[in-house]
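An overview of the molecular structure
As a plain string of letters, each chain reads:
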Amino acid sequence: MRILVIEDEVKTAEYVRQGLTECGYVVDCAHTGADGFFLAKQHDYELIMLDVNLPEMDGWEVLEQLRRSGCTSRIMMLTARSRLADKVRGLENGADDYLIKPFEFPELLARVRALLRRSEQPASVEVIRVAGLELDQSRHRAFRDGQRIDLTTKEFALLHYLMRNTGVVMSRTHIISQVWDMNFDCDTNVVEVSIRRLRAKIDDPFDSKLIHTLRGVGYVLEQRQ
């Protein structure tokens, strides 16, 4: 497994690199956003650890450019920023996990292994259909009644998860652990925000609604008469 660490604090980068190397991973390091983006485009990494405060290109820009260019690597944000707004921003823009500094290596390692296990899961059916909603995984596209719907990386992942579990009520805890690969934080509203934005795209323009809320329980995607 090959991992890229983009971290401008040399001591932190070396600490992470040494620990992961001892656990059997191949680790590359970059100390600027531009260098990290270049390496990520040159090699296939199973996981990218990305700091937010980087010289030349900050972590937000690197994240945005990687996802825009079609990078499918798992991305874990490493940052001292603990504000909820920063967490939500990172997760909504395509990050898979968000770890606050300072952190203990055992926690980092556990999250790395969890992310990589997700990457190793076998591919599922490429096209999923529910009523007039269609999700094409290979082309990363969504359609409803033949109309193309543009989704962010996380919106696509959330919709994919709900469609794979059509008719099953999913709790906030379950959704955030499966879609965002992070420990559940009862104070975060990332699920509600993402559901609201997803509804605006796949439900609001259409007469029939597919995403339903069960108050105090969770969310379910299904066709109702």
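Residues numbered from 1 in each chain as written. Predicted model: local features only at pLDDT ≥ 70, side-chain atom pairs only at ≥ 80, totals over all residues. Heavy atoms only, no water.

A few words on helix α8 (residues 190-202). The end-to-end C-alpha separation of α8 is 18 Å, in line with the 18 Å expected for 13 residues at 1.5 Å each. Where α8 is concerned, the buried positions are V190, V191, V193, S194, I195, L198 and I202. (Helix = DSSP H or I, 4+ residues; strand = E, 2+ residues; numbered from the N terminus. Expected span 1.5 Å × (residues − 1). Buried < 20%, exposed > 50% of the residue type's maximum accessible area, 1.4 Å probe, protein only.)

Another point: the packing of aromatic side chains. Using the criterion set out here, one finds one aromatic pair in the structure. Ring geometry for Y15 against F105: centres 6.1 Å apart, planes inclined by 75°, an arrangement best described as edge-to-face. With Y15 in helix α1 (residues 10-22) and F105 in helix α5 (residues 105-120), this pair connects stretches of sequence that are 90 residues apart. Judged by its relative accessible area of 14%, F105 falls in the buried class. (Phe/Tyr/Trp six-rings, centres within 6.5 Å; stacked < 30°, edge-to-face > 60°.)

Attention now moves to the domain arrangement of the protein. Entries for the protein in the domain assignment read domain 1 (2-116) and domain 2 (127-221). One C-alpha centre belongs to domain 1, the other to domain 2, and the line joining them spans 26 Å. At the junction of the two partners, domain 1 supplies 14 residues and domain 2 supplies 15 residues. In total, about 1,100 Å² of surface goes out of reach between domain 1 and domain 2, with carbon and sulfur atoms giving 49% of it. (Domains from an automatic or database assignment. Contact = heavy atoms within 4.5 Å. Buried area = accessible area lost by both parts, 1.4 Å probe.)

What follows is about the pairing of strand β10 (residues 211-214). On any regular strand, side chains alternate: one points to one face of the sheet, the next to the other face. Where β10 and strand β11 (residues 218-221) come together, four bridges link them in antiparallel fashion. In the strand pairing of β11, L214 is matched with G218. (Pairing = 2+ DSSP bridges.)

Below, the discussion takes up the pattern of salt bridges. Throughout the structure, instances matching the rule amount to 16 salt bridges. For the salt bridge of R67 with D96, the shortest nitrogen-to-oxygen distance reads 3.0 Å. Of this pair, R67 sits in helix α3 (residues 59-68) while D96 sits in the loop between α4 (84-92) and β5 (97-100), and the two are 29 residues apart along the sequence. Given the relative accessible area of 14%, R67 is considered buried. Since its relative accessible area comes to 6%, D96 is described here as buried. Among the ionic pairs, R74 bridges to D96, the shortest N-O distance being 3.3 Å. Of the two residues, R74 is situated in strand β4 (residues 74-79) and D96 in the loop between α4 and β5; the sequence distance between them amounts to 22 residues. (Salt bridge = Lys/Arg side-chain N within 4 Å of Asp/Glu carboxyl O.)

Here we come to unusual backbone geometry. Only a minority of non-glycine residues have a phi that is not negative, and only a minority of peptide bonds are not trans. The omega angle of the peptide bond from K101 to P102 is -10°, so this bond is cis rather than trans. Structurally, the position occupied by P102 is in the loop between β5 and α5. Although it is not a glycine, E56 adopts a positive phi angle of roughly 75°. With respect to the secondary-structure elements, E56 resides in the loop between β3 (47-51) and α3. Phi is positive for A131, close to 55°, though the residue is something other than glycine. Mapped onto the secondary structure, A131 falls in the loop between β6 (127-130) and β7 (133-136). Exposure remark for A131: the relative accessible area of 44% places this residue in the partly exposed category.

The next subject is the side chain of R144. Counting through the fold element by element, R144 comes out in strand β8 (residues 141-144). Classification of R144 as buried rests on a relative accessible area of 4%. Sequence-distant contacts of R144, defined by excluding residues within four places in its chain, comprise G132, L133, I149, I202, D203, F206, S208 and L210.

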